[in-house]
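# Observations on chain architecture
Here is what each chain is made of, one letter per residue.
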Amino acid sequence: MRTGFRRVGFAAFVTAGVMLAFNVWSQDVPDNALNRKVSPTAIPFAVIGDSNSHSFQDRVAFPAGTGERGGPFHARTFNWTEVLDKLRGKEIDSGPWVVWGSSGLLATGREALGLSGGRAPKKEDFLYNFANSGASCANLMDGRFRQAPRLVAVMDKEPERWKRGVVLIRMGLNDWSSSLDLQSREPDSPKLAELTSRCVKQIGATLKLIHESHPQTLILVAGIANEADDAAQNNNWVSEAERNNIWKALDSFNAGIRKLAESEPNTAFFDDAAWLVQRWGTRGGAPKPAFKTVTIGKSFVVTNSIGDDPHNLLLADDHAGLVGNALWAQSLVARLREAFKLPLTPISDDEVARFVVPLVQPLVQPAK
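The structure presented is a predicted model; accordingly, all values stated were derived computationally and were not measured.

So, about the pairing of strand 6 (residues 218–222). Buried residues dominate strand 6, accounting for 5 of its 5 residues. Residues Leu218, Leu220 and Ala222 point to one face of strand 6 and Ile219 and Val221 to the other, with burial holding for every one of them. Bridging between strand 5 (residues 166–170) and strand 6 involves 4 bridges; their strand directions are parallel. Across the sheet, leucine 168 pairs through a bridge with leucine 220, a residue of strand 6. In the classification by handedness, the crossover that spans strand 6, the intervening helix 8 (residues 240–263) and the parallel strand 7 (residues 267–270) is right-handed.

Have a look at this one:
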């Protein structure tokens, strides 16, 4: 009997030790991050997604000298999440800027013991931004880097605030872009249909999870843009037939997400593919791309091209640059106003210019 008691006691000791270790490595919400003094009308705003929504000034994920977004222009290169905070931070509350999170293994281990998993991986970003580089639809609900359940755990700490909150889901490009060759040949491929179904199911499960605890929270689901229209792909899928096939496949993917979003209460769709074409043009059916240019202010011209210099739409690492993100933030605010009638102040073209031009002033060519 004593041996049995010793075994039970040893097991209890080990369990207590493990619990203590996980508590020491606490990944709960940082002190003073909740119940902050913010405007009572500010709209809580959370993000789930991939590198398109991972803030560029994250010094944990992008430490100095090791691949910062924007290269030599890093200090003046912001993602749309950062632009939104700078231009509408009093109306939209993305949470405080914090270094927070842990490895996926530690977060999962804590959850197995009934503790908070926090955010994984560790990053420097807004509290309510759970997007991380490399994420795919599988990371919405499952795996070591699952985002939705961990975001909801944070929302659950302030349920009253999230009755007027918004969650943006912008996920799927990493799943879809790896199959462009197949899309160009077989847009109706069963493999593509299965991929679409898998992402739609994951997004649907995310909507259900959020609304089970926070039925009044608004959710905006963004579709994905056409990666073949990326300036980095100019030498790929050059025939009109290939490009048309890719558009057909993409339309099917986005249609599944749109149908899901429009079937759910307090949920709407943001058509990212249409936005990109409207703002920046498309390769179309011509031998040369029918891309557009955008002029910010009086003379700062941005082309649908690739490179870290802010004159390019895309950074050298193929993510949207300063101007692309500023205009996306502008259109996001417009869509939130349109879809949910939110009392947000529109971001005007002049305001975009006032934000962008000082950042790129050394690069502006004198007007002729």
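At a closest axis distance of 10 Å, the pairing of helix 7 (residues 190–213) and helix 8 adopts a crossing angle of 25°. Relative to helix 8, the element helix 7 lies roughly parallel. Judged by the sense of rotation from one axis to the other, the crossing of helix 7 with helix 8 is right-handed. On helix 8, the residues touching Leu192, Leu195, Thr196, Cys199, Val200, Ile203, Gly204 and Leu207 of helix 7 are Ala249, Ser252, Phe253, Gly256, Ile257 and Leu260. In terms of residue class, the contact of helix 7 with helix 8 is built from 10 nonpolar, 4 polar and no charged.

In this fold, threonine 196 is placed in helix 7. By relative accessible area, threonine 196 is classed as buried at 10%. C-alpha separation for the pair threonine 196 and glycine 256, spaced 60 residues apart in sequence, amounts to 7.2 Å. Other than its neighbours up to four places away in sequence, threonine 196 contacts Trp176, Ser252 and Phe253.

The next point concerns the pattern of salt bridges. In the structure shown here, the tally under the stated rule is 13 salt bridges. Where lysine 163 meets glutamate 160, a salt bridge forms, and the shortest distance between an N and an O atom there is 3.0 Å. When its relative accessible area of 41% is taken as the criterion, lysine 163 is described as partly exposed. With a relative accessible area of 55%, glutamate 160 lands in the exposed category. Linked by salt bridges that have partners in common, Asp93, Glu158 and Arg161 make up one network.

Parameters at a glance
Residues numbered from 1 in each chain as written. Predicted model: local features only at pLDDT ≥ 70, side-chain atom pairs only at ≥ 80, totals over all residues. Heavy atoms only, no water. Buried < 20%, exposed > 50% of the residue type's maximum accessible area, 1.4 Å probe, protein only. Helix = DSSP H or I, 4+ residues; strand = E, 2+ residues; numbered from the N terminus. Pairing = 2+ DSSP bridges. Right-handed = clockwise from strand over helix to strand, strands pointing away. Axes fitted to C-alpha atoms, helices over the stretch in contact; angles between N-to-C directions. Parallel < 35°, antiparallel > 145°, perpendicular 65-115°, else oblique. Left-handed = near helix turned anticlockwise from the far one by under 90°. Contact = heavy atoms within 4.5 Å. Nonpolar A, V, L, I, M, F, W, Y, C, P; charged D, E, K, R; others polar. Salt bridge = Lys/Arg side-chain N within 4 Å of Asp/Glu carboxyl O.

The analysis is restricted to geometry; functional conclusions fall outside its scope.
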